[in-house]
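Residue strings, one per chain:
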Amino acid sequence: MAAKKVLIVYAHQSSGSFNAAAKDAAVEILTAQGCTVEVSDLYALNFKATATAEDIIGEVKNADHFRYAEETKLAWEAGKLSADITEEQRKLTQADLIIFQFPMYWFTVPAIMKGWMDRVLTLGYAYSQEKRYSQGIFKDKKAMLSFTTGSHESMFSANGINGDMNVTLWPLQNGILHYCGFQVLAPQIFWAPSHIPTEARSTMLEGWRKRLQGLKAEEPLSFTPMDCFDREKGFQLKPEVSEKHAAKEFGLTVGTHLGKPLPPNNQMKAGV
């Protein structure tokens with residue numbers, strides 16, 4: 001396995017859940033491959049989900065107009081972030097691969113996991129104006145989402161009532177993971193495990209175990225490189241890039257679609 005150090009950020013309340021089984025499978029398979037695996041069990045840690053001034057040790061620069069990003073950047077530089085944030089940043093810094101394991105809540109991550117992202121991925125440490133997207137701080141790390149849904153796959157299709165899962169995933173995979181520079185591996189989606197027979201759930205887990213064996217060979221999802229956008233013109237796509245893509249059937253990505261049909265499975269499969 002190319003990734004020798006793995007961090008699993010895990011958010012489920014029950015050790016008897018399908019999410020727990022998926023997390024345990026990852027720990028087992030990756031450890032057997034020689035990886036060092038750490039798990040941040042957010043509920044067991046009673047991880048604080050709210051981003052507040054309490055995340056900073058000592059005085060803040062501007063208490064009257066508290067701005068979390070700016071204040072935590074200063075605190076990070078001074079070594080004055082709270083102990084729980086500092087510990088999670090230590091784990092993240094050491095990791096080559098990060099797996100977020102969770103049940104999808106309201107089309108996104110549970111609040112406790114969003115709190116981890118809000119509080120751990122601080123300005124300066126995880127991103128800056130100069131270092132983001134394809135030029136991001138974590139461009140040498142890989143990250144992926146592994147999650148369960150409450151709805152069947154058909155409901156998250158382009159014709160389904162929930163809408164295209166590729167669109168649902170764009171804010172998480174582009175707006176958080178890729179924004180920080182991560183190479184984003186295709187998500188592992190367990191469709192509606194609570195609504196299928198036990199045997200089908202076992203088959204799902206076996207598929208995950210098999211995938212874990214070959215993660216090192218996987219290519220990340222495709223995102224448009226930052227140098228394709230013109231900084232001087234509000235980070236609009238450069239005309240030569242638009243022209244080159246003008247005759248193509250689909251847009252570049254789910255987000256940068258150029259008014260064209262979305263590229264199929266852009267946020268769910270690599271190489272598209």
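Up top is the structure these notes are about.
As a starting point, this report considers the structure included with it. (Residues numbered from 1 in each chain as written. Predicted model: local features only at pLDDT ≥ 70, side-chain atom pairs only at ≥ 80, totals over all residues. Heavy atoms only, no water.)

Notes on helix α6 (residues 198-213)
For α6, with 16 residues, the first-to-last C-alpha span of 23 Å sits near the 22 Å given by 1.5 Å per residue. Of the surrounding elements, those touching the buried residues of α6 are α1 (18-32), β4 (142-148) and β6 (188-190). (Helix = DSSP H or I, 4+ residues; strand = E, 2+ residues; numbered from the N terminus. Expected span 1.5 Å × (residues − 1). Contact = heavy atoms within 4.5 Å.)

Things to note about the environment of Q173
Relative to the assigned elements, Q173 resides in helix α5 (residues 165-177). We classify Q173 as buried; its relative accessible area is 0%. Distance from Q173 to M144, taken between C-alpha atoms, is 8.2 Å for residues 29 residues apart in sequence. Among the polar contacts made by the side chain of Q173, one reaches the main-chain carbonyl oxygen of Q267 at a distance of 2.9 Å. (Buried < 20%, exposed > 50% of the residue type's maximum accessible area, 1.4 Å probe, protein only. Polar contact = N/O pair within 3.5 Å; in protein donor to acceptor, adjacent residues only side chain to side chain.)

Focus on the packing of helix α3 (residues 83-94) against helix α4 (residues 111-120)
One way to put it is that α3 packs onto α4 with a least axis distance of 10 Å and a crossing angle of 85°. The angle between α3 and α4 falls in the class roughly perpendicular. Contacts between α3 and α4 pair D84, I85, E88, Q89 and L92 from the former with W116, R119 and V120 from the latter. Classifying every residue of the contact of α3 with α4 by side-chain character gives four nonpolar, one polar and three charged. (Axes fitted to C-alpha atoms, helices over the stretch in contact; angles between N-to-C directions. Parallel < 35°, antiparallel > 145°, perpendicular 65-115°, else oblique. Nonpolar A, V, L, I, M, F, W, Y, C, P; charged D, E, K, R; others polar.)

With respect to the packing of α1 against α6
Any two packed helices are characterised by the angle at which their axes cross and by the distance between the axes. Closest axis-to-axis distance for the α1/α6 pair is 10 Å, and the angle between their directions is 30°. When the axis of α1 is compared with that of α6, the two are roughly parallel. Crossing handedness for the pair α1 and α6: right-handed. In this structure, α1 uses F18, A21, A22, A25, A26, E28, I29 and L30 to contact α6, whose residues at the interface are R201, M204, L205, W208, R209, L212 and Q213. Looking at the contact of α1 with α6 residue by residue, the class counts come to eleven nonpolar, one polar and three charged. (Left-handed = near helix turned anticlockwise from the far one by under 90°.)

Considerations on α1
Here α1 contains 15 residues, and its C-alpha end-to-end distance of 21 Å stays within 8% of the 21 Å for a straight helix at 1.5 Å per residue. Where α1 is concerned, the buried positions are F18, N19, A20, A22, K23, A25, A26, I29 and L30. Against β1 (5-10), β2 (36-41), β3 (97-103), β4, β6 and α6 lie the buried residues of α1. Phi turns positive, to about 95°, at G34, one or two residues after α1.

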